[in-house]
Amino acid sequence: ETGVTQTPRHLVMGMTNKKSLKCEQHLGHNAMYWYKQSAKKPLELMFVYNFKEQTENNSVPSRFSPECPNSSHLFLHLHTLQPEDSALYLCASSQDSRADTQYFGPGTRLTVL
Amino acid sequence: DAKTTQPTSMDCAEGRAANLPCNHSTISGNEYVYWYRQIHSQGPQYIIHGLKNNETNEMASLIITEDRKSSTLILPHATLRDTAVYYCIVRFLYGGATNKLIFGTGTLLAVQP
């Protein structure tokens with residue numbers, strides 16, 4: 001509905017696994033974002049990409065590795081996560097990183113065992 | 001960005017208007033007021049934004065006081081599908097490379113049948 005899709009919608013992984021989250025936007029936007037939403041906490045901005053270049057890294061641990069191969073796709077590569085990393089991971093896009101409105105995907109519910 | 005204060009929760013009867021308040025007493029002259037909502041387990045959805053004048057779109061109306069220290073989001077005829085957490089965000093546009101959305105804890109609006 002919003003033009004931003006995320007896969008998978010649900011993911012369970014062990015602490016030694018490596019997995020990737022995928023986000024795709026069909027809106028012709030040039031900026032993409034990763035947010036983390038832990039239980040009972042506000043959304044936290046993780047990364048911002050503008051025209052495929054990373055412009056923000058909000059002190060995110062290196063076990064989270066973003067990749068933006070083009071303006072339509074954004075990945076979040078995960079490795080050696082901790083149980084406290086379990087959260088809803090949301091992707092968003094906007095016309096560019098100074099644009100006024102962000103459009104969010106449905107999120108990936110991640111559980112780390 | 002200026003801090004906002006919202007009630008933790010509100011109830012509204014189906015079919016009635018839902019009025020969600022937000023205080024932003026430290027807002028500066030060039031900061032906009034944005035409203036997003038997040039239905040359970042989904043990504044946030046943009047609703048409306050404004051600077052000084054009242055705004056209306058197909059989803060809601062935004063009333064900003066003359067001193068701009070508070071605002072009210074109005075859903076004219078609430079339905080059960082409007083049950084969500086509503087976020088009021090104050091944001092300075094075009095001030096830097098990235099316009100961040102700083103989400104607080106929002107107001108949980110429960111529309112009752």
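Position labels on residues start from 1 in each chain and follow its written sequence. The lettering of chains begins at A and the numbering of ligands begins at 1, in the order of writing. The model is predicted, so local features are restricted to residues of pLDDT at least 70 and side-chain atom pairs to those at 80 or more, both for listing and for counting; the totals for chains, interfaces and linings are taken over all residues. Side-chain measures were taken over the full set of non-hydrogen atoms in the model, leaving aside hydrogen atoms and water.

### Some words on the overall build of chain B
Item 1. Check the secondary structure of chain B and you find zero helices and nine strands.
Item 2. Scanning chain B from its N terminus toward the C terminus, one meets helices and strands in the order β-β-β-β-β-β-β-β-β.
Item 3. The globule rule puts the C-alpha radius of gyration for 113 residues at 13 Å, and the 14 Å found for chain B is close to it.
Item 4. Its C-alpha atoms give chain B principal-axis dimensions of roughly 45 × 30 × 25 Å. In DSSP terms, a helix is any run of H or I states spanning at least four residues, a strand is any run of E spanning at least two, and both are numbered starting from the N terminus. Radius of gyration means the value over C-alpha atoms here, while the globule rule gives 2.2 Å times the residue count to the 0.38 power.

### Topic: the nonpolar core
Item 1. Put simply, buried Ala, Val, Leu, Ile, Met, Phe, Trp, Tyr and Cys residues joined by side-chain atoms within 4.5 Å make one nonpolar core. Between buried and exposed lies partly exposed: a residue is buried under 20% and exposed over 50% of the maximum accessible area for its type, with that area taken using a 1.4 Å probe on protein chains only. In this structure, Trp 34, Phe 64, Leu 76 and Leu 78 of chain A are the most contacted members of the largest nonpolar core, which totals 22 residues.
Item 2. Every element with two or more residues in this core is listed here: β2 (10–13), β3 (18–25), β4 (31–37), β5 (44–50), β7 (64–70), β8 (73–79), β9 (87–94) and β11 (108–112) of chain A.
Item 3. Core analysis: the second largest hydrophobic core is formed by 21 residues, Cys 12, Ile 48, Cys 88 and Val 111 of chain B among them.

### Side note on the packing of aromatic side chains
Item 1. When the centres of two rings from Phe, Tyr and Trp lie within 6.5 Å, Trp using its six-membered ring, the rings pair. Their planes under 30 degrees apart give stacked, over 60 give edge-to-face, and anything left gives tilted. Enumeration over the complete set of coordinates arrives at 10 aromatic pairs over all chains.
Item 2. Centre to centre, the rings of Tyr 35 of chain A and Phe 104 of chain A are 5.2 Å apart; their planes meet at 45°, and the pair counts as tilted. Here Tyr 35 of chain A, found in strand β4, pairs with Phe 104 of chain A, found in strand β10 (residues 103–104); they are 69 residues apart in sequence, far enough to count as distant.
Item 3. On the accessibility criterion, Tyr 35 of chain A (0% relative accessible area) is buried.
Item 4. The interplanar angle of 85° and the centroid separation of 6.2 Å between the aromatic rings of Phe 104 of chain A and Tyr 36 of chain B together place this pair among those described as edge-to-face. A residue pair is termed interchain when its members come from two chains, as with Phe 104 of chain A in strand β10 and Tyr 36 of chain B in strand β3 (residues 31–38).
Item 5. An aromatic cluster is present here, built from Tyr 33, Tyr 35 and Phe 104 of chain A together with Tyr 34, Tyr 36, Tyr 46, Tyr 87 and Phe 103 of chain B joined pairwise through their rings.
Item 6. Either the NZ atom of lysine or the CZ atom of arginine qualifies as a charge over a ring when it sits within 6 Å of the ring centre and within 35 degrees of the ring normal. Its guanidinium or amino end placed over the ring of Tyr 34 of chain B, Arg 91 of chain B lies 5.2 Å from that ring's centre, counting from NZ or CZ.

By themselves, these are just geometric observations and shouldn't be taken as functional.
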